[in-house]
Amino acid sequence: MLKRTHTCGELRDDHVGETVILNGWVNSYRDHGTGLIFIDMRDRYGLTQIVFDREDADQSLLDAADTLRNEDCVAIKGTVRVRDGGPNPKLATGTVEVVVVELEVLAKTENPPFLPGEKGSLPSEDRRLRYRYMDLRRPEMQRILTIRHRTSQFARRFFDDRGFLEIETPMLTKSTPEGARDFIVPSRLQPGSFYALPQSPQLFKQILMISGFDRYIQLPRCFRDEDLRADRQPDFTQIDLEMSFVDRDAVLEIMEEFAVGLWKSELGVDIPPVQRMTYKHAMETYGSDRPDLRFGLELVDVSDLAAKTDFKVFTGAIEKDRGCVKVIRVPGGAAKFTRKITDGYTEFVKQFGAGGVPTAKVNDAGELETGIAKFIEPIKSELIERLGLEPGDSVFFGADTRGTVNRALGELRLKIAKDLEMIPEGAWAFCWVIDFPMFEWDEETKRFYALHHPFTAPTPEQTDEFMACDITDVDAVESILSSGYDLVVNGSEIGGGSIRIHRREIQKKVFDLIGMSKEEANAKFSFLLEALSYGAPPHGGIAFGLDRLVMHLSGTESIRDVIAFPKTQTGSDMMCDAPSAVDEKQLAELFIASTWEPEEG
RNA sequence: GGGGCGGUAGCUCAAUUGGUUAGAGCAUCGGACUGUCGAUCCGAAGGUUGCGGGUUCGAUUCCCGUCCGCCUCGCCA
């Protein structure tokens, strides 16, 4: 076969006169008949125009060229020359062309389901997933997967430079309680027992610290059997690391350096120092633990004012346990919100548990115009002052328990920003969210859950307080802050971690507090408790979601675009048709039988 | 498990209040053409309107069910 001397993105004016060989695909052809055919050849480096010209080619070559079609895989040999017809500014190679003297058709194509070239519009996603090899020929997909590659390489180089060791951890491991649902794998050698695929290498990396490896990095595949979303796949990749003899700030600093370096090298963007925000502030001001700081629309607490009204929606909310009334002020919103839009917002917030979202606007006279004006009248001037209201503004009220108000207004805040196109193009708003509560009380199950995970240490300041606290005292337990941290960019959590518990008695107390019996703790985590009793170093770390990182760097909205072979919302791989049934024999070897029965009808 | 949107030619889309033979662009096939670069021009072929049922004289259109895809709530420590 003709082996390439250059790629299809390489040839320039200074190659003119050289004999070259190109390998690639027919991206498009322009057949002028009787001896003049142009073909754009494509590989992952670019496009090059090749030309079959009767002045330079015999009839058999022209006849062969005449049969070429889009997506045929070909090799050509020819001479680089300046284009007769003038340059094509759209192509990097646009000033030259290769006049072909030899053609080798490496493989003809059937009529493809769609063309990866620029022609036509993007096929529906299920077509793209079904014919993924064709979709991945698209330059855009190759661009994204190249960014993914460079991100991985950047991470490996960055952490290698700083003394981190890449160490692999098992894919067949132990099922853990809490957290997400595990994917389980039956053991043939031990009938009736099961491995789980790791949700993350959390415990293994802690054990590696206890083993003295000091600084660990891995790009592990992780598995969580939960429902999919635009940014969630059942198997995904982390940039996972752990460090010994560090405090929180040491981890934040090195990770910030990593993020800054990555954004600089991949996008040429300089990120300013990343601000830190407490969980409480994030929740109260942005209604979210992953605040999007690219725009304003902060939540303002007006509970004290609302209490002075006779509006039952307000007063009723305030009387609730942990009730409050908050407001979002939308500058200049009055002219933009129709009744239809605000009615839509009422429906929107209902899915987050809010009853509705009373609204008002400020008219040119500076008066509040609203269906609830008479209720607001007593607090009008205070409201205007606190919110800094000006003519033309709109305000939206949330009144309910604090959790519901924060959630509903936090989501509404995002929706308004999108609807009003308030999010600046190309902006990068990073922040660390810190000082999470260690635990959250769940009314339904009447127990505490670890907000991060149960290996997260309390803050150094509160460690003694934690060890002393009565685990039945909900208020006392909820006041304990953890050493956890999340890195958020543009309202998306891209990484999270913590300083871990490195003392056995603290770990035992956490298990105790989340309602795990001694027997269960021993069955699930005896190895950890044991390891913690043999001189475990203080340690902490973080895991970044590689997929989400690449989504941001490549500017795509779907996690499926940054994964070569992703799954659909129902967990199918549409190309190879996984998951699928297996032979009875395979099941028998594993002592497995399916209890699933198709529904009748 | 819940809510929403979608499924018509290989691909992307159209088809009036339910109405005669379901159209167009690209791709494919045949033909013309020597400077194109989304080549152009002429012609052809291409359909179980996702599937099943119902309403109707008549269904791509209305109704019910179902499958698939997407967004989302729950879920995701």
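What counts, and at which threshold
- Residues numbered from 1 in each chain as written.
- Chains lettered and ligands numbered in written order.
- Predicted model: local features only at pLDDT ≥ 70, side-chain atom pairs only at ≥ 80, totals over all residues.
- Heavy atoms only, no water.
- Pairing = 2+ DSSP bridges.
- Helix = DSSP H or I, 4+ residues; strand = E, 2+ residues; numbered from the N terminus.
- Axes fitted to C-alpha atoms, helices over the stretch in contact; angles between N-to-C directions.
- Contact = heavy atoms within 4.5 Å.
- Near = heavy atom within 4 Å.
- Polar contact = N/O pair within 3.5 Å; in protein donor to acceptor, adjacent residues only side chain to side chain.
- Nonpolar A, V, L, I, M, F, W, Y, C, P; charged D, E, K, R; others polar.
- Salt bridge = Lys/Arg side-chain N within 4 Å of Asp/Glu carboxyl O.
- Buried < 20%, exposed > 50% of the residue type's maximum accessible area, 1.4 Å probe, protein only.
- pLDDT = per-residue confidence, 0-100.

Things to note about the sheet that holds strand β5 (residues 96–107)
Reasoning step 1: What the five strands build is a closed barrel, ordered β1-β2-β3-β5-β4; its pairing is mixed. On average, each strand axis in the sheet is tilted by 55 degrees relative to the strand beside it, whichever way the strands run.
Reasoning step 2: As paired elements, strand β1 (residues 19–31) and strand β2 (residues 36–43) share six bridges and run antiparallel to each other. When the bridges of β2 are listed, R30 appears paired with F38.
Reasoning step 3: The strands touched by helix α1 (residues 59–66) within the sheet are β1, β2, β3 (46–53) and β5, with β5 carrying the most contacts at an inclination of about 70 degrees.

Considering the protein's contact with RNA strand B
Reasoning step 1: Neighbouring RNA strand B are 56 residues, the closest being T34, R54, N111, E226 and H452.
Reasoning step 2: When atoms of RNA strand B within 4 Å of the protein are sorted by moiety, sugar and phosphate together comprise 55%.
Reasoning step 3: Within the side chain of E226, one N or O atom sits 2.5 Å away from a sugar or linking oxygen of RNA strand B.
Reasoning step 4: In this structure, a phosphate oxygen belonging to RNA strand B sits 2.8 Å away from a side-chain N or O atom of R407.
Reasoning step 5: Those elements that provide at least two residues to the surface near RNA strand B are β1, β2, β3 and α2 (125–130).
Reasoning step 6: Take the surface near RNA strand B: its biggest share by element is four residues, from β1.
Reasoning step 7: Split by residue class, the surface near RNA strand B holds 14 nonpolar, 21 polar and 21 charged.

Digging into the pattern of salt bridges
Reasoning step 1: What the rule picks out here adds up to 45 salt bridges.
Reasoning step 2: In this structure, the salt-bridge partner of D561 is R128, at a minimum N-O distance of 3.1 Å. Note that D561 is positioned in the loop between α18 (546–554) and α19 (584–589) and R128 in helix α2, a separation of 433 residues in sequence. Residues D561 and R128 agree in their burial class; the two are buried.
Reasoning step 3: Each of the salt bridges in this network shares a partner with another, and the network as a whole consists of R128, R132, D135, R138 and D561.

Topic: the confidence of the model for chain A
Reasoning step 1: Here chain A shows a mean pLDDT of 94. Residues at 70 or above account for 99%.
Reasoning step 2: Complex prediction metrics read pTM 0.94 and ipTM 0.93.

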